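# Fold and contact review
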Amino acid sequence: MWTKNNIPDQSGKTIIVTGANAGIGYETALTLYEAGANVILACRTQDKADETLNQIKKHTGKGSLETGILDLSSLVSVKQFAENFLQTHQQLDVLINNAGVMIPPASKTTEGWELQFGVNFIGHFALTGLLYPLIKSTPDSRIVTVSSMAYVYGKIDFDNLKSEKDYDPMREYGQSKLADIYLSLELQRRIEAVEDVVLSIAAQPGANKTELARHMNEEAYNAAVERIGGLMDPWQGALPSLYAAVSPEVKGGELYGPHEEGGYKGYPAQAILLPHALDEEVAKKLWNFAEVVTGVSFPA
Ligand SMILES: NC(=O)c1ccc[n+]([C@@H]2O[C@H](COP(=O)([O-])OP(=O)(O)OC[C@H]3O[C@@H](n4cnc5c(N)ncnc54)[C@H](OP(=O)(O)O)[C@@H]3O)[C@@H](O)[C@H]2O)c1
């Protein structure tokens with residue numbers, strides 16, 4: 001059983017966690033701080049980032065903390081965050097693409113993407129690409145992208161990425177989380193093709209008590225919890241991201257998540273990816289599309 005007690009000393013490492021102010025991102029940032037890393041809390045507002053920093057500082061940690069403003073629903077904000085970071089840092093050991101939104105009322109990003117596709121995938125795609133040169137120049141670096149078991153029912157509908165058709169919140173969530181798997185796996189293939197030494201790893205946290213379900217109605221929420229047989233606490237949901245970020249056992253191009261009850265509970269282990277997630281043709285198509293619409297190309 002892999003727990004946070006297995007985390008090696010992270011002193012000297014610089015790690016960005018997106019969505020660090022809540023749920024799984026908060027627990028991920030806190031644990032890495034405790035383990036000695038310099039953790040950058042990337043949050044939507046300075047107030048949220050400052051509050052998180054003060055909260056984490058109440059714990060005993062060997063690390064240090066910084067804050068950054070990152071709104072993944074705006075490519076201007078993503079570019080600003082990356083630019084600030086690159087101007088002020090000489091290394092990036094781990095980027096943890098954790099932030100996410102699930103089944104919001106129909107809404108769009110600044111650039112017009114359906115919100116879940118835009119925040120969960122497009123924003124993280126651009127962020128990863130903009131930071132990639134620094135990640136690549138940092139020895140033993142990693143990119144962890146947080147997906148979900150919702151990828152199982154995901155399908156990329158290239159004709160509906162701006163909600164051109166009807167809006168089905170769960171369908172679009174599944175699409176965005178499958179896109180995160182494609183981002184992670186296709187990136188690893190591209191890294192290997194150019195012989196860079198970076199690991200791109202996907203994680204999924206299982207089913208946890210966080211704010212993610214804030215847009216679910218009570219009846220649907222209770223039914224889902226009953227079906228799953230209860231939820232884990234966010235510290236446990238953070239373990240797959242932490243495992244992917246620090247364990248010497250993990251491999252690039254793989255998915256790690258809780259190993260019990262269909263991936264919804266338990267401690268981190270390598271997960272079996274369903275065939276549609278391994279479809280290299282769709283992954284390539286999505287990648288090329290994302291490069292065009294964000295104007296960000298990598299690895300290079
Ligand atoms: N909880 C689960 O059981 C579960 C299951 C499967 C996958 N996941 C995945 O785990 C990740 C973390 O989710 P969570 O459960 O910790 O949810 P959460 O408690 O709702 O936290 C989500 C985080 O993402 C941030 N975020 C949302 N929209 C953003 C944007 N436009 N720009 C930047 N940050 C944004 C939120 O910031 P604000 O506070 O400002 O909104 C918050 O910090 C997500 O990728 C989610 O899909 C969670």
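Preceding block: the structure.
Report on the accompanying structure. Keep in mind the model is a prediction, meaning the values are calculated, not measured. (Residues numbered from 1 in each chain as written. Predicted model: local features only at pLDDT ≥ 70, side-chain atom pairs only at ≥ 80, totals over all residues. Heavy atoms only, no water.)

With that settled, the discussion passes to the site of the ligand. Neighbouring the ligand are 28 residues; Asn21, Arg44, Lys48, Asn208 and Thr210 lie closest to it. At a separation of 3.2 Å, an oxygen atom of the ligand approaches a polar backbone atom of Gly206. Burial of the ligand by the protein amounts to 94% of the accessible area it has alone, namely 900 Å². Comparing atom positions with the cavity grids shows the ligand to sit within the largest pocket. For the shell around the ligand, the secondary-structure elements that each account for two or more residues are helix 1 (23-34) and helix 5 (169-193). Residues belonging to the shell around the ligand are distributed by class as follows: 11 nonpolar, 11 polar and six charged. (Near = heavy atom within 4 Å. Polar contact = N/O pair within 3.5 Å; in protein donor to acceptor, adjacent residues only side chain to side chain. Areas by Shrake-Rupley, 256 points an atom, 1.4 Å probe, with all protein chains shown as cover. 1 Å grid on protein atoms, 1.4 Å probe; cavity = no way out; pocket = protein on both sides within 12 Å on 5 of 7 lines; lining within 4 Å. Sits in = over half its atoms within 2 Å of the grid points. Helix = DSSP H or I, 4+ residues; strand = E, 2+ residues; numbered from the N terminus. Nonpolar A, V, L, I, M, F, W, Y, C, P; charged D, E, K, R; others polar.)

Further remarks concern the layout of surface pockets. Each pocket or cavity is described by its volume, and for the largest pocket that value is around 1,200 Å³. Those elements that place two or more of their residues in the lining of the largest pocket are helix 1, strand 2 (38-43), helix 4 (115-136), helix 5 and helix 6 (218-228). Broken down by element, the lining of the largest pocket gets its largest block of residues, five residues, from helix 6. Tallied by class, residues from the lining of the largest pocket come to 28 nonpolar, 13 polar and eight charged. Volume-wise, the second largest pocket comes out at about 160 Å³. Around the second largest pocket, the lining comprises 13 residues; the ones closest to its centre are Pro258, Gly262, Gly263, Ala271 and Ile272. Elements that contribute at least two residues to the lining of the second largest pocket include exactly strand 7 (255-260) and strand 8 (265-271). Examining the composition of the lining of the second largest pocket, we find that four residues originate from one element, strand 7, more than from any other. For the lining of the second largest pocket, the residue count by class is seven nonpolar, six polar and no charged. (Points joined across faces, edges and corners; volume = space filled by probe spheres on them.)

Read these as geometric descriptors, not functional statements.
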